[in-house]
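# Summary of structural features
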There are 2 protein chains.
Amino acid sequence: MAQVKNTYQFEDLLEKHQLKKTGARLRVLSMMYAKNTATSQPDLESVMHDIDRVTLYRILNVFEEKGIIHKVFDLNGTANYAVCSSGCHEHHHHDEHLHFNCTACKGVFCLNELSLPSINLPAGFQASGFTLYASGLCPKCSAR
Amino acid sequence: MAQVKNTYQFEDLLEKHQLKKTGARLRVLSMMYAKNTATSQPDLESVMHDIDRVTLYRILNVFEEKGIIHKVFDLNGTANYAVCSSGCHEHHHHDEHLHFNCTACKGVFCLNELSLPSINLPAGFQASGFTLYASGLCPKCSAR
DNA sequence: AATACTAATGCAACATGATTGCATTTACCA
DNA sequence: TGGTAAATGCAATCATGTTGCATTAGTATT
Ligand SMILES: [Mn+2]
Ligand SMILES: [Mn+2]
Ligand SMILES: [Zn+2]
Ligand SMILES: [Zn+2]
């Protein structure tokens, strides 16, 4: 579900992470928090024509470093970014949830409410992170 | 574990899928079957300098269509291809196993022996495929 | 074995996304 | 109201993915 926040809260968020409150960053935040699906850089570019794409690239990078968003690859291998739930901090992400990629609308959904079952790896493998991907139809697309 | 096969078996494999037995295809097959990790197109290019990269691109595509190999994205979002286990057929892949990406050697391992636990999706989501990703250290890299 | 037909390849060209360097502008603190 | 470091814009480059088309090579047929 999209998280509702206002400009003041976005400014607080930037301040908390020692990032300057710029127009570009606030617009990126408001767009990403308004959606319930992950956002790719092309998504941002198609809306914010006046912001250079390198700026968007760097905004996404710094937000990821700070633990504000996390990266998810969709079925095409293109990077999408989703707002982190609680548990993500600077250089320390906790995104071990299910990522659902709709094959119809291409939306990438973070299903935070689903925790991953524990996995027993073969001897020698030492896992530091897990992600479960699913593809299929999202609620909207399956209702048609 | 790497699957050992000889040239005659690769030729049979191509014939079985109604593909012409060309040198480029046989070399790609022998390289991919000799490894126990997935192979990216750049991997192939770095070894087979005499084969055009578009040819390699098309070989990978047709092998994937035929169910000989399947695509896995690594942590950087670049496509890697791994030999399919049994259960993959033309236009019908069964690759619902764990993919382990080593953060040190960058190797992508298909852990076919691990079956995925069953997942209950939220209402409305209709999954047609699952993939579980793990990252960390592979046996070789964790032994150092 | 020579021929004919189709698939496969090589090359050029283009598309898209990722990434860096550097000059200029802007946010923010003293 | 400046001064300073951070943020941005722009140019440029690299990597990967993708298509069109002419040429080459595999294979079935004679
Ligand atoms: Mn997520
Ligand atoms: Mn696999
Ligand atoms: Zn959908
Ligand atoms: Zn390793």
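First, a word on scope: everything that follows refers to the structure included in this document. Quick caveat, the model's predicted, so the values are computed rather than measured.

Calculation notes
- Residues numbered from 1 in each chain as written.
- Chains lettered and ligands numbered in written order.
- Predicted model: local features only at pLDDT ≥ 70, side-chain atom pairs only at ≥ 80, totals over all residues.
- Heavy atoms only, no water.
- Donors = N, O, S within 2.8 Å, 3.2 Å for Na, K, Ca; no water.
- Helix = DSSP H or I, 4+ residues; strand = E, 2+ residues; numbered from the N terminus.
- Buried < 20%, exposed > 50% of the residue type's maximum accessible area, 1.4 Å probe, protein only.
- Pairing = 2+ DSSP bridges.
- Contact = heavy atoms within 4.5 Å.
- Axes fitted to C-alpha atoms, helices over the stretch in contact; angles between N-to-C directions.
- Least-squares fit on C-alpha atoms with pLDDT ≥ 70 in both.
- Buried area = accessible area lost by both parts, 1.4 Å probe.
- Salt bridge = Lys/Arg side-chain N within 4 Å of Asp/Glu carboxyl O.
- Polar contact = N/O pair within 3.5 Å; in protein donor to acceptor, adjacent residues only side chain to side chain.
- Parallel < 35°, antiparallel > 145°, perpendicular 65-115°, else oblique.
- Left-handed = near helix turned anticlockwise from the far one by under 90°.
- Nonpolar A, V, L, I, M, F, W, Y, C, P; charged D, E, K, R; others polar.
- Near = heavy atom within 4 Å.

## Quick look at the coordination of the zinc ion (ligand 4)
Residue and element names in this part refer to chain B. Around the zinc ion (ligand 4), the protein contributes the donor atoms Cys102 (SG), Cys105 (SG), Cys138 (SG) and Cys141 (SG), at 2.2 to 2.4 Å from the metal centre. Read from N- to C-terminus, the donor residues coordinating the zinc ion (ligand 4) fall into the pattern C-x2-C-x32-C-x2-C. On the criterion of sequence distance, the pair formed by Cys102 in strand β4 (residues 97-102) and Cys138 in the loop between β6 (126-137) and α5 (139-142) is long-range, its members being 36 residues apart. Residue classification places Cys102 among the buried residues on the basis of a relative accessible area of 1%. For Cys138, a relative accessible area of 3% puts it in the buried group.

## Remarks on the coordination of the manganese ion (ligand 2)
Angles at a metal have ideal values that depend on geometry: 109.5 degrees with four tetrahedral donors, 90 or 180 degrees with six octahedral donors. Residues and elements named next belong to chain B. For the manganese ion (ligand 2), the full set of protein donor atoms is His70 (NE2), His97 (NE2), His99 (NE2) and Cys110 (SG), at a range of 2.0 to 2.3 Å. Along the chain, the residues donating to the manganese ion (ligand 2) fall in the pattern H-x26-H-x1-H-x10-C. Residue His70 is located in strand β2 (residues 69-73), and its partner Cys110 is located in strand β5 (residues 108-115); the two are separated by 40 residues in the primary sequence. Considered together, His70 and Cys110 belong to a single accessibility category, that of buried residues.

## Regarding the sheet that holds strand β3 (residues 79-83) of chain A
Residues and elements named next belong to chain A. Taken in spatial order, the three strands line up as β1-β3-β2 in an open sheet, and their pairing is antiparallel. On the outer flanks of this sheet lie β1 (39-40) and β2 (69-73), each paired with one strand and no other. Here β1 pairs with β3 via two bridges, running antiparallel. The residue of β3 that forms the bridge with Thr39 is Tyr81. Relative to the sheet, helix α4 (residues 53-66) contacts β2 and β3, its axis offset from that of β2 by approximately 110 degrees.

## Overview of the environment of Phe109 of chain B
Take Phe109 of chain B: it is sitting in strand β5. For the pair formed by Phe109 of chain B and Leu60 of chain B, sequence separation is 49 residues and the distance between their alpha carbons is 18 Å. Ignoring any residue separated from it by four or fewer positions in sequence, one finds Phe109 of chain B in contact with Phe125 of chain A together with Asn36, Thr37, Leu98, His99, Phe100, Cys102 and Cys138 of chain B.

## Examining the relation of the copies chain B and chain A
Taken as rigid bodies, chain B and chain A are interconverted by a rotation of 179 degrees and an axial shift of 0.0 Å, the fit giving an RMSD of 0.1 Å. Here the transformation between the copies is reduced to the relation of a two-fold axis. Every residue of chain B has its C-alpha some distance from the rotation axis, and the shortest such distance is that of Leu132 of chain B, at 2.2 Å. Both copies contact each other with a shared surface, as 100% of the interface residues of chain B are interface residues in chain A too.

## A word on the interface of chain B and chain A
Taken together, the contact pairs 35 residues of chain B with 35 residues of chain A. A combined buried area of about 2,500 Å² lies between chain B and chain A, and 70% of that area is made up of carbon and sulfur atoms. Run the count over chain B and chain A and you get zero salt bridges. One can count 10 residue pairs in polar contact (both at pLDDT 80 or more) joining chain B with chain A. Those elements giving two or more residues to the side of chain B that touches chain A turn out to be β4, β5, β6 and α5 of chain B. The dominant element in the side of chain B that touches chain A, judged by the number of residues it contributes, is β6 of chain B, at 12 residues.

## Points about the packing of helix α1 (residues 7-16) of chain B against helix α2 (residues 23-34) of chain B
All names here are of chain B. Direction vectors running N to C along α1 and α2 enclose 115 degrees, while the axes themselves pass 10 Å from each other. Relative to α2, α1 is oriented roughly perpendicular. Helix-helix and strand crossings are classified by hand; for α1 and α2 the assignment is right-handed. Within the contact between the two elements, α1 uses Thr7, Phe10, Glu11, Leu13 and Leu14 and α2 uses Arg25, Leu26, Leu29, Ser30 and Tyr33. For the contact of α1 with α2, the class distribution of residues is six nonpolar, two polar and two charged.

## A word on the protein's contact with DNA strand D
The immediate surroundings of DNA strand D are formed by 21 residues, with Thr22, Arg25, Thr55 and Arg58 of chain A together with Arg53 of chain B found nearest. In the interface set of DNA strand D, defined as its atoms within 4 Å of the protein, sugar plus phosphate atoms amount to 62%. Thr22 of chain A is positioned with one of its side-chain polar atoms (N or O) 2.7 Å from a phosphate oxygen of DNA strand D. A distance of 2.9 Å separates a phosphate oxygen of DNA strand D from a polar side-chain atom of Tyr57 of chain B. Of all the secondary-structure elements, those providing two or more residues to the surface near DNA strand D are α2 (23-34) and α4 of chain A together with α3 (41-47) and α4 (53-65) of chain B. When the residues that make up the surface near DNA strand D are grouped by side-chain class, the tally is nine nonpolar, three polar and nine charged.

## Notes on the protein's contact with DNA strand C
Close to DNA strand C lie 22 residues; Arg53 of chain A together with Thr22, Arg25, Thr55 and Arg58 of chain B are nearest. Backbone atoms, meaning sugar plus phosphate, form 61% of the atoms of DNA strand C positioned within 4 Å of the protein. In this structure, a phosphate oxygen belonging to DNA strand C sits 2.9 Å away from a main-chain N or O atom of Lys21 of chain A. Between DNA strand C and Arg58 of chain A there is a distance of 3.4 Å, counted from a base oxygen to a side-chain nitrogen or oxygen. Elements with a minimum of two residues in the surface near DNA strand C: α3 (41-47) and α4 of chain A together with α2 and α4 of chain B.

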